[in-house]
Amino acid sequence: MFVWAFLVIVSFWFVHHHWTRRKLYTLAAKIPGPRAYPLIGSAYLFFSFKDIAQNASKIMEKYGSILKIWMFNALVVVVAKPKHVQIILTKCLEKETRYKFAKDAFGNSLLTAPVATWRSHRKTINPAFSQQILDSFVDIFVKHSQILVRKLEEEVDDQKTFDVHEHLSRCSLDIICETAMGTTVDAQTKPSKLLHATRRGAQILVERCVRLWLHPNITFRLSQRGRELKEVLDYVQGYTGNLVRKRYEEFHSRIDDNFRDTSRKPFLEHLLSLGDQMTFLELRNEVDLFITAGSDTVTTTTGYVLVCLGMYQHIQQEIIQEIDEIFGISTRPITRDDLPKLKYMERVIKETMRLYPPVPLIARSVTEDIDLGELILPAGCSVVVGIIGMHRDPETWTDPLKFDPDRFTSEEAAKRHPYSYIPFSGGPRNCIGIKFSMMAVKVLLATILRSYKIHTDIKPQDIKLSVEIVSKMIGGANISISKR
Ligand code: HEM
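Residues numbered from 1 in each chain as written. Predicted model: local features only at pLDDT ≥ 70, side-chain atom pairs only at ≥ 80, totals over all residues.

1. A closer look at helix 19 (residues 434–451)
Put simply, the rule reads: Secondary structure follows DSSP: runs of H or I at least 4 residues long count as helices, runs of E at least 2 residues long count as strands, and numbering of each begins at the N terminus. A helix is expected to span 1.5 Å multiplied by its residue count minus one. Three exposure classes are used, all based on how many other C-beta atoms lie within 10 Å of a residue's own C-beta (placed from the backbone): buried at 20 or more, exposed at 12 or fewer, and partly exposed between those limits.
Counted at 1.5 Å a residue, the expected span for helix 19 with its 18 residues is 26 Å, and the 26 Å between its end C-alpha atoms agrees. Within helix 19, 14 of the 18 residues are buried, which leaves it mostly tucked inside the rest of the structure.

So, in structure tokens, the structure goes:
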């Protein structure tokens, strides 16, 4: 009797579920994709964590630039053509459901907030990333880059390779903490619990996204990973919370014109001076997001560029020539006026981010049917933009695996679709830190290259990127350095 009742309820649910989603199924049937089995869909292709990237690229090669994957009963559509991506990134502003896992760490911050909240926060926060404010941070970039150069002394030996990512991540954390909160964490000179905590937090988040049993809050909180994340977040949020609270209270107890001037102040104080729009918790969430989003991406980008310079010595030579033309034999520090002159370096950074995008995939939720011309994306599905696939698409990039910074001269760039190159995403919900990153990476590279020559044994065909929120080179960004 009990079994019959159970079967009737399940059948009823099944029919009801399919009936309410009939439009989604009809539209999905028109999108090509790998075979889907009852209940699991095509999720079997992603059961092995280490094969995810390989399987995803095989599927993309086979099914082309729009394809569907049924992950159990969730429809995921992958798109990789600039004209489709432009429509998606301008019309679908709601983040994909898995971003909600990041709310434990960042609450309703820019990255994770629903559209209505995001819109007002983005409007409030945008002025804090003005050119004038960013210019005031150059001294901070320089100070920490010079410490990095001193730390790298220990590694000088062209017979010895080391993972430069390790040094860069400490330096980027110092930069981002000082620019975001006005405090130095000295991660380059002291052991840093904050560094390990932010790193571990990001790893657990990725694991949660791909391990289905960690999706429900209840199983996650009881799991070892859930407990570990709590411990990590208690530390990070305790640390940043104390600093944010101190500044928040200071600001509210003495609002005076000092807080309103635009001389060098961390983001946090600029956010406070924008008015009473943000609560303490909102401020802490945004600061936590800047620290994670800003430090990992700047680290990865700079590390990728250094490996590329090691692989392509003639390109390194050209950058060094550009640097020497600006500084000559002077040892003066880099200033903000030097940065726009590093034009060839900028092209090298862009070409590196094309082949090795720090954020290889992004995802959005489709909340209403979206007409892509050839196909309609049904409301209720998720859409993944495969940035790495787009950046290597032979239809856009001739000889796509060739490292060629001249693809980014203004004449060449003008010939391409504006959404063919999107390392910082695109549309209204793009990265808020574009200019910050370019300035920080330029200062880091120029400071390093004024002192050292870069070498590597890595070959382009050996480079594989890990599947993480921010990609890394599997095996490490291994270089060796010698004094110039
Ligand atoms: C090379 C460096 C960087 C790259 C490649 C990068 C890339 C991206 C991408 C692809 C997104 C979109 C994410 C998505 O839609 O899921 C994003 C968003 C974001 N990034 Fe960056 N980022 C970089 C540096 C930074 C820095 C330095 C900061 C802060 C100081 C920052 C803060 C943010 C924030 C707050 C968002 C969310 C924006 C919004 O939704 O309004 N990023 N970034």
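2. A look at the sheet that holds strand 9 (residues 478–483)
Which entries qualify depends on this criterion: A pair of strands counts as paired when DSSP detects no fewer than two bridges linking them.
Pairing in this open sheet of three strands is antiparallel, and the strands run 3-9-8 from one edge to the other. Strands at the two margins of the open sheet, each flanked by one partner only, are strand 3 (162–163) and strand 8 (452–455).

3. Things to note about the environment of valine 79
Within the secondary structure, valine 79 sits in strand 2 (residues 74–79). Linking valine 79 and aspartate 399, residues 320 residues apart in sequence, is a C-alpha distance of 21 Å.

4. What to know about the confidence of the model for the protein chain
To keep things clear, this is the line we draw: Confidence of the predictor in every single residue is expressed as pLDDT, which spans 0 to 100.
For the protein chain, per-residue confidence averages 90 on the pLDDT scale, and residues scoring 70 or more make up 95% of the total. The ipTM for the predicted assembly is 0.99, set against a pTM of 0.92.

5. Regarding the site of the ligand
Put simply, the test is: Here is the check we use: build the C-beta atom from the backbone, and if it is within 6 Å of the molecule or strand, call the residue near. Three classes are used, and their members are as follows: Ala, Val, Leu, Ile, Met, Phe, Trp, Tyr, Cys and Pro are nonpolar, Asp, Glu, Lys and Arg are charged, and the others, Gly among them, are polar.
For the ligand, the set of nearby residues contains 22 residues, the closest of which are Gly294, Thr297, Cys431, Gly433 and Ser437. Counting only elements with at least two residues in the shell around the ligand, the list comes to helix 14 (280–311) and helix 19. Looking at the shell around the ligand element by element, the count peaks at seven residues for helix 14. Of the residues belonging to the shell around the ligand, the class tally is 14 nonpolar, six polar and two charged.

6. A closer look at the packing of helix 8 (residues 138–152) against helix 9 (residues 164–181)
The condition is simple: To obtain an axis, a line is fitted to C-alpha atoms, over the contacting stretch when the element is a helix, and the angle between two such axes runs from 0 to 180 degrees between their N-to-C directions. Each angle gets one of four labels, with under 35 degrees taken as roughly parallel, over 145 as roughly antiparallel, 65 to 115 as roughly perpendicular, and the rest as oblique. Note on convention: near helix rotated counterclockwise from far helix by under a right angle means a left-handed crossing. Clockwise means right-handed. By the criterion used throughout, residues are in contact when their C-beta atoms, derived from the backbone, lie within 7 Å.
In the contact formed by helix 8 and helix 9, the axes pass within 9 Å of each other and the chain directions differ by 155°. By the criterion of interaxial angle, the relationship of helix 8 to helix 9 is roughly antiparallel. Seen from above, helix 8 lies across helix 9 with right-handed handedness. Judged by residue contacts, Ile140, Phe141, His144, Ser145, Leu148, Lys151 and Leu152 of helix 8 engage His167, Cys171, Asp174, Ile175, Glu178 and Thr179 from helix 9. For the contact of helix 8 with helix 9, the per-class residue count stands at six nonpolar, four polar and three charged.

7. Some remarks on the sheet that holds strand 2
Read across the sheet, four strands follow the order 1-2-7-4 without closing on themselves; strand pairing throughout is mixed. Of all strands in the sheet, those bounded by a partner on one side alone are strand 1 (66–71) and strand 4 (361–365). With strand direction ignored, the average angle separating the axes of adjacent strands in the sheet is 25°. Note that strand 1 and strand 2 share six bridges and pair antiparallel. In the strand pairing of strand 2, lysine 68 is matched with valine 77.

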